[in-house]
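One-letter residues, chain by chain:
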Amino acid sequence: MIRLRWIAACATLSVCSPLFAADPKKEEAEALKACAQAVLSGFRKIAETRDQRFQGKVSEANALCRGGYQAMQFRNTPWADWSNYWGAGDSTSIPPILLKNGPTQRGILGALTDLEYQRIELIKFNLFDNNGTYPEYVQGRDGVGGPALKRWDAMRLPADHPNYKDVGGDGSQTCKGGLIRFRSLSGICNDVFNPAMGSVGQLFARNMEFDTTFPDAAQNELVRNRHGDRLGLLKPDPQLISRKLFTRAQSNPDACREGKGISDSSTDSNCDYQKAPFFNVIAAYWIQFMTHDWFSHMEEGHNNDSQWMEVGCTNDAAQRMGCRPGDRIDRGYVAQDSAPGTFTANGKQYLTRAPKTFRNNNTAWWDASQLYGYDPISRQRVKRDPKDPAKFLLTSADGKGTLPTLSDADPMNPQWKGQEAAAFPDNWTIGMSFLHNVFVREHNAFVDAFEKQAQKTPNGDSGLRNPADAHSVIHYKDVTPDELFEVARLVVSAEIAKIHTTEWTPQLLYDEPLYKGMNANWSGLLGANGGDVSKVLADIVTKNFGKSADVAKATQWYSVFASGPGIFGLGSKISGYDVAKPEHVNGGVNHFGSPFNFPEEFVTVYRLHPLVPDLIEFRDLKDPNKVAAKVPVISTFEGKATDAMRSRGLENWAVSLGRQRLGILTLNNHPQFMQNITIPRLQSATGQIDLAALDLIRDREHGVPRFNEFRRQYGLRQLTSFDDFMDQHVPADSPARKTQQEMVANLREVYGTHVCDASKVITDAQRNPDGTPINDCLGHPNGSTVDNVEDVDTVVGWLAEQTRPHGFAISETQFVVFILNASRRLFSDRFFTSSFRPEFYTTMGVNWVNNNGPAAMVEKGTPNGHVQPVSPFKRVLLRAIPELETELANVVNVFDPWARDRGQYYSLEWKPRPGAESDPAFKQ
Ligand code: HEM
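Cut-off values and rules
- Residues numbered from 1 in each chain as written.
- Predicted model: local features only at pLDDT ≥ 70, side-chain atom pairs only at ≥ 80, totals over all residues.
- Heavy atoms only, no water.
- Donors = N, O, S within 2.8 Å, 3.2 Å for Na, K, Ca; no water.
- Helix = DSSP H or I, 4+ residues; strand = E, 2+ residues; numbered from the N terminus.
- 1 Å grid on protein atoms, 1.4 Å probe; cavity = no way out; pocket = protein on both sides within 12 Å on 5 of 7 lines; lining within 4 Å.
- Points joined across faces, edges and corners; volume = space filled by probe spheres on them.
- Nonpolar A, V, L, I, M, F, W, Y, C, P; charged D, E, K, R; others polar.
- Buried < 20%, exposed > 50% of the residue type's maximum accessible area, 1.4 Å probe, protein only.
- Contact = heavy atoms within 4.5 Å.
- Phe/Tyr/Trp six-rings, centres within 6.5 Å; stacked < 30°, edge-to-face > 60°.
- Near = heavy atom within 4 Å.
- Polar contact = N/O pair within 3.5 Å; in protein donor to acceptor, adjacent residues only side chain to side chain.
- Pairing = 2+ DSSP bridges.
- Axes fitted to C-alpha atoms, helices over the stretch in contact; angles between N-to-C directions.
- Parallel < 35°, antiparallel > 145°, perpendicular 65-115°, else oblique.
- Left-handed = near helix turned anticlockwise from the far one by under 90°.
- Salt bridge = Lys/Arg side-chain N within 4 Å of Asp/Glu carboxyl O.
- Disulfide = S-S within 2.5 Å.
- Expected span 1.5 Å × (residues − 1).

J.: So what's going on with the coordination of the iron atom of the ligand? Which residues, and what values?
T.: Just one protein atom donates to the iron atom of the ligand; it is His 609 (NE2), sitting 2.1 Å from the metal. Here His 609 is to be found in the loop between α19 (600–605) and β8 (615–618).

Okay, here's the thing in structure tokens:
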């Protein structure tokens, strides 16, 4: 056991200051000894049961080895250890130069190891499918363990489905021929052996044990012990929570006017918000654009509008803060609310599904369905160019090519009138208009390039094949406009997934372990140069582990080894690949025993409304250092976006959204306009709704467990009081600590306290360190007054987290949800794995995705020490809006504010790059 005197000294101080600089040589000597001890103790075993999980906390020896004194210092907090390792922060996390590179490498490798452990455990303990496959997941089938199962009856197409016969009808169902060529409209046949998986209308999954969901219903003793009778759909009052914990404080409310600003986009308008120095407004809209691809609880922009409900604001205190008792909203749709069945396995009783289920009214695949459609209705809004049906129709309303508006004949919710035509048109503002226009232009750019090639080499082999006639070459000249449209969809979807994985996420999680981790997800830890080693590893993963009936091999070993070659393209390079063989076409996917769909808990952590500012600082590309107007986001809502886009110009919106910082995800940072939004379809006295409060209500309707149990279920350490939300890295006497104390006081005021009863066990997901069950007192003496930390709504909890890894725009709790689901989104999709092939994408399409465009380009310099390609989104923007060339010359990552000097090694400093010194954003 390592026993260091400083630990005792540190424990007596209310806050420890970093100690690692005092004597680096001595620290490194101790760290090396600890490394030896860690190696001798061997690898940590993967937990057998959920209450033995890793919780992101390593042994003392590993902490000291990977992060020295700093990592030791914070081991007792609830937060994961890896962020305190060497090299996991900015340049101050790199030890003094005399120690060379060793510690930094240990730190980063250690962090990646911890993250892989978390992923393995998440795959093992957090998959709960609602479609009827869960009993088999637990009990297995025909001698094969549940997590190694690959095919389910529940994923068959039903008899009334139009493609029922095509896939095999009553017999064994396998998609083939035309159904497997491209991404289908409704999402069927992505997995050729499980036709219905991920298609529109499938049920949302869960990442939580079913009996922990719907805590408001208090359906079992653990839940009753955990929350007493303190919870309800409107309890605690969501509008009170919104006004007290979500409202952005304003230094000059008259200049903000609830987000409306002073009229005419005046530059005198001002709405204060807390800004992230390393993430821009394009990044905010990007993630909204992604959610419109992945999921929707709503249908055509409304919920169950036959049932309207009240939304709180019932007491004077809340009303004095500005909430509205007259607001009403339509209830969410429910797919099933009958009592779920039960089954018994290993002496334990299980529910077959959650007590209520909900449909994902979008395809769950990363298939750019917000652009291309997800059902026949949304497809009618996708406008193709009659002169060249391979392309999207663009009008010349801005002189350069912009989306047409919806016509009266188009299916639409009346409130969308005047909007640009898009498959997913809801919650449209200038941000959606910008991204839709950019990617529609990208689609057309690919089609142009392909058609040019077809003119040059009409008889050349396009690479494309029709699985119905698998071995006939399709020459360039024979690729039909419909085929080319679908090929371009595949290419654009893959580009979007690549941008998200290798560009958006590494900027959202701006540090070296995550840069490496996300690039490993895509192209492997070995990178694009992995060559033969990558190929051999990919073969081991897909041919061996992927086919194994052994649960450990099919899940944990698969996940570990996939980090070598990367997930993207897994199974696509096997020798003798034959598009006529379903086992080749589908050979690279792995669902880990649970059909893929997003879980409700994923939707929760994407309720990212604080990212959006109230006012966009509008700039003209010709003079980008000047803010020419402040345009309220709400003045671009729905149809109003069309004129804003066309009259002000795509290139000017690009530089405006690109230079402005987005809002950080923290309490008291929701846009004012969202708390007061007017939505025409609302049938209420006010016609308004508080979206921040609605986020809480929707989560409660969907039965998302409250924050502390949510963390336990994901294998994270619980909090024992509101004080745990504070960041121990912040000095005790600093203004930041004072702000955190105020936040804690507000949480206590809203959620309250109670006298605890140690005889009440509140969870079976985890145990106390001494092995005893966790009870209502959370480690405090029986009968003492404890915080109602169990009741905190999950969105409130993750916004309140102040301890975050370096450069994290999201919290640790949100991050763990991403680790699981972001990988699964790639692992499960054959078009990102074994069907990433010329037979589907064309040769040009494969190259376009790999090279980020027609030819590879390398970024100048070595940003954060890496030689890297010019980023995929920068390449897209340069094609879609060539006017941006000068502005983008210094941009390495499109989601980093464009005029910021990125400095050295993951700096978060807010200072201008050369040439942008006069930009007023740097004077604030
Ligand atoms: C100007 C911007 C935005 C507006 C006007 C807006 C508006 C809305 C509205 C009206 C809803 C539906 C509420 C309901 O009845 O359930 C909603 C849901 C949602 N929004 Fe936003 N939003 C905006 C930006 C964003 C951003 C940046 C994100 C980031 C990811 C986001 C994520 C979500 C999510 C996850 C839901 C839940 C969807 C579902 O339940 O299927 N929104 N938003």
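J.: Mind laying out empty space enclosed by the protein, listing which residues take part and the relevant values?
T.: Scanning the model with the defined rule gives 7 cavities of 30 Å³ or more in all. A volume near 60 Å³ is recorded for the largest cavity. As for the largest cavity, its lining consists of Leu 371, Arg 381, Val 382, Lys 383, Phe 392, Leu 403, Pro 404, Ala 421, Ala 422, Ala 423, His 436 and Val 440. Residue composition of the lining of the largest cavity, by class: 9 nonpolar, 1 polar and 2 charged.

J.: Please give an account of helix α20 (residues 640–648) that cites residues and values.
T.: Ala 641, Thr 642, Ala 644 and Met 645 are the residues of α20 that are buried. Summarising the contacts, the buried residues of α20 are in contact with α13 (430–456) and α21 (650–659). Where α20 ends, the next residue or the one after it, Gly 649, has phi of about 95 degrees, a positive value.

J.: Requested: an account of the packing of aromatic side chains, with residues and values cited.
T.: Summed over the entire model, instances satisfying the criterion amount to 55 aromatic pairs. Ring centres 5.1 Å apart and planes at 10 degrees place the aromatic pair Phe 343 and Tyr 350 in the stacked group. Classification of Phe 343 as buried rests on a relative accessible area of 10%. Of the residues examined, Tyr 350 reaches a relative accessible area of 16% and is grouped as buried. Between Trp 910 and Phe 922, the aromatic rings sit 4.3 Å apart at their centres with planes inclined by 20 degrees, giving stacked as the arrangement. Here the residue Trp 910 occupies a position in the segment after α31 (885–888), and Phe 922 occupies one in the segment after α31, the gap between them amounting to 12 residues. For Phe 922, a relative accessible area of 14% gives the class buried.

J.: Describe the environment of Phe 450, and please don't skip the residues or the numbers.
T.: With respect to the helices and strands, the residue Phe 450 is situated in helix α13. Residue class for Phe 450 comes out buried when judged on its relative accessible area of 2%. Placed 61 residues apart in sequence, Phe 450 and Asp 511 show a C-alpha to C-alpha distance of 38 Å. Excluding its chain neighbours within four sequence positions, the residues that come into contact with Phe 450 are Ser 462, Tyr 476, Val 479, Leu 484, Thr 842 and Met 844.

J.: I'd like a description of the site of the ligand, backed by residues and values.
T.: Surveying the vicinity of the ligand reveals 23 residues, the closest of which are His 297, Asn 303, Asn 427, His 609 and Arg 698. Here an oxygen atom of the ligand sits 2.8 Å away from a polar atom, N or O, in the side chain of His 297. Contact distances for the ligand include 2.7 Å between an oxygen atom and a side-chain N or O atom of Arg 698. Counting residues per element, the ones that place at least two in the shell around the ligand are α9 (281–294), α22 (672–675) and α23 (691–701). Here the shell around the ligand gets 4 residues from one element, more than from any other, and that element is α9.

J.: Give me the pairing of strand β4 (residues 342–345): which residues, what numbers.
T.: Side chains Phe 343 and Ala 345 of β4 all project onto a buried face; the interleaved residues Thr 342 and Thr 344 project onto a face where none is buried. The turn joining β4 and strand β5 (residues 348–351), which pair antiparallel and follow one another in sequence, is formed by 2 residues; a positive phi near 50 degrees is taken by Asn 346.

J.: Explain the environment of Arg 711 residue by residue, including any values.
T.: Looking at the secondary structure, you find Arg 711 in helix α24 (residues 707–713). Judged by relative accessible area, which is 0%, Arg 711 ranks as buried. Placed 103 residues apart in sequence, Arg 711 and Gln 814 show a C-alpha to C-alpha distance of 9.6 Å. Non-local contacts of Arg 711, meaning those with residues more than four positions away in its chain, are made with Pro 78, Trp 79, Leu 716, Arg 717, Leu 719, Gln 766, Glu 801, Glu 812 and Thr 813. Among the polar contacts listed, one links the side chain of Arg 711 to the backbone oxygen of Arg 717, at a separation of 2.7 Å.

J.: Describe unusual backbone geometry, naming the residues involved and giving the relevant values.
T.: Omega for the bond connecting Lys 235 with Pro 236 falls within 30 degrees of zero, at -10 degrees, which places this linkage in the cis form. Positive phi, close to 50 degrees, is recorded for Asn 427, a residue that is not glycine. Among the structural elements, Asn 427 can be located in the loop between β7 (388–392) and α13. You will see that Asn 852, though not glycine, has its phi angle at about 65 degrees, which is positive. Summarising the element assignment, Asn 852 is placed in the loop between α29 (843–851) and α30 (872–880).

J.: Please give an account of the packing of helix α14 (residues 481–508) against α29 that cites residues and values.
T.: Look at α14 against α29: their axes get within 9 Å of each other, and the N-to-C directions meet at 15 degrees. With respect to their mutual orientation, α14 and α29 come out roughly parallel. Our pair here, α14 against α29, has a crossing hand that is right-handed. In this structure, α14 contributes Val 491, Ala 494, Glu 495 and Lys 498 to the contact, and α29 contributes Gly 845, Trp 848, Val 849 and Asn 850. The residue inventory of the contact of α14 with α29, partitioned by class, reads 4 nonpolar, 2 polar and 2 charged.

J.: An account of the pattern of salt bridges is needed here, citing residue identities and associated values.
T.: Per the stated rule, a full pass over the model turns up 59 salt bridges. We note a salt bridge from Asp 695 to Arg 607, for which the minimum N-O separation is 2.9 Å. On the criterion of sequence distance, the pair formed by Asp 695 in helix α23 and Arg 607 in the loop between α19 and β8 is long-range, its members being 88 residues apart. Judged by its relative accessible area of 3%, Asp 695 falls in the buried class. Two residues, Glu 812 and Arg 711, come together in a salt bridge whose shortest N-O distance is 2.9 Å. With Glu 812 in helix α27 (residues 812–827) and Arg 711 in helix α24, this pair connects stretches of sequence that are 101 residues apart.

J.: Could you give an account of the state of the cysteines, with specific residues and numbers?
T.: Throughout the structure, instances matching the rule amount to 5 disulfides. Put simply, Cys 35 and Cys 65 are joined by a disulfide, and their sulfur atoms are 2.1 Å apart. Measuring the twist about the S-S bond at about 95 degrees, one finds the Cys 35-Cys 65 disulfide to be right-handed. Separated by 30 residues along the polypeptide, Cys 35 in helix α2 (residues 24–41) and Cys 65 in helix α3 (residues 60–73) bring together distant segments of the chain. The same class applies to Cys 35 and to Cys 65, which are both buried. The disulfide partner of Cys 256 is Cys 271, and the S-S distance across this bridge is 2.2 Å. Taking the sign of the S-S torsion, 100 degrees for the link of Cys 256 and Cys 271, the bridge is right-handed. Within this pair, whereas Cys 256 is found in helix α8 (residues 253–256), its partner Cys 271 is found in the loop between α8 and β1 (275–280), the two being separated by 15 residues in sequence.

J.: I'd like a rundown of the packing of helix α7 (residues 238–246) against α23, residues and numbers included.
T.: It is the contact of α7 with α23, at a shortest axis distance of 8 Å, that shows an interaxial angle of 130 degrees. It follows from the interaxial angle that α7 and α23 lie oblique. Judged by the sense of rotation from one axis to the other, the crossing of α7 with α23 is right-handed. Between α7 and α23, the contacting residues are Pro 238, Gln 239, Ile 241, Ser 242 and Phe 246 on the first element and Ala 692, Ala 693, Leu 696, Ile 697 and Arg 700 on the second. Across the contact of α7 with α23, the residue classes break down as 7 nonpolar, 2 polar and 1 charged.

J.: Summarise the environment of Ala 345; cite the residues concerned and give the values.
T.: Secondary-structure assignment places Ala 345 in strand β4. With a relative accessible area of 8%, Ala 345 lands in the buried category.

J.: Explain the side chain of His 500 to me, using residue names and the numbers behind them.
T.: Mapped onto the elements of the fold, His 500 is located in helix α14. Side-chain polar atoms of His 500 contact the side chain of Trp 286, separated by 3.0 Å. Apart from the residues lying within four places of it in its own chain, the contact partners of His 500 are Trp 286, Ile 287, Met 290, Trp 294, Trp 366, Thr 505, Pro 506, Tyr 606 and Arg 825.

J.: Explain helix α15 (residues 512–523) to me, using residue names and the numbers behind them.
T.: Because each turn of an α-helix spans 3.6 residues, side chains separated by three or four positions in sequence point in the same direction. Helix length check: α15 (12 residues) gives 16 Å between terminal C-alpha atoms against 16 Å at 1.5 Å per residue, within 8%. When you tally the buried positions in α15, you get 10 out of 12 residues, the bulk of the element. Among the residues of α15, Glu 512, Pro 513, Leu 514, Tyr 515, Gly 517, Met 518, Asn 519, Ala 520, Asn 521 and Trp 522 are the ones counted as buried. Immediately beyond the C-terminal end of α15, within one or two residues, lies Gly 524, with a positive phi of roughly 95 degrees.

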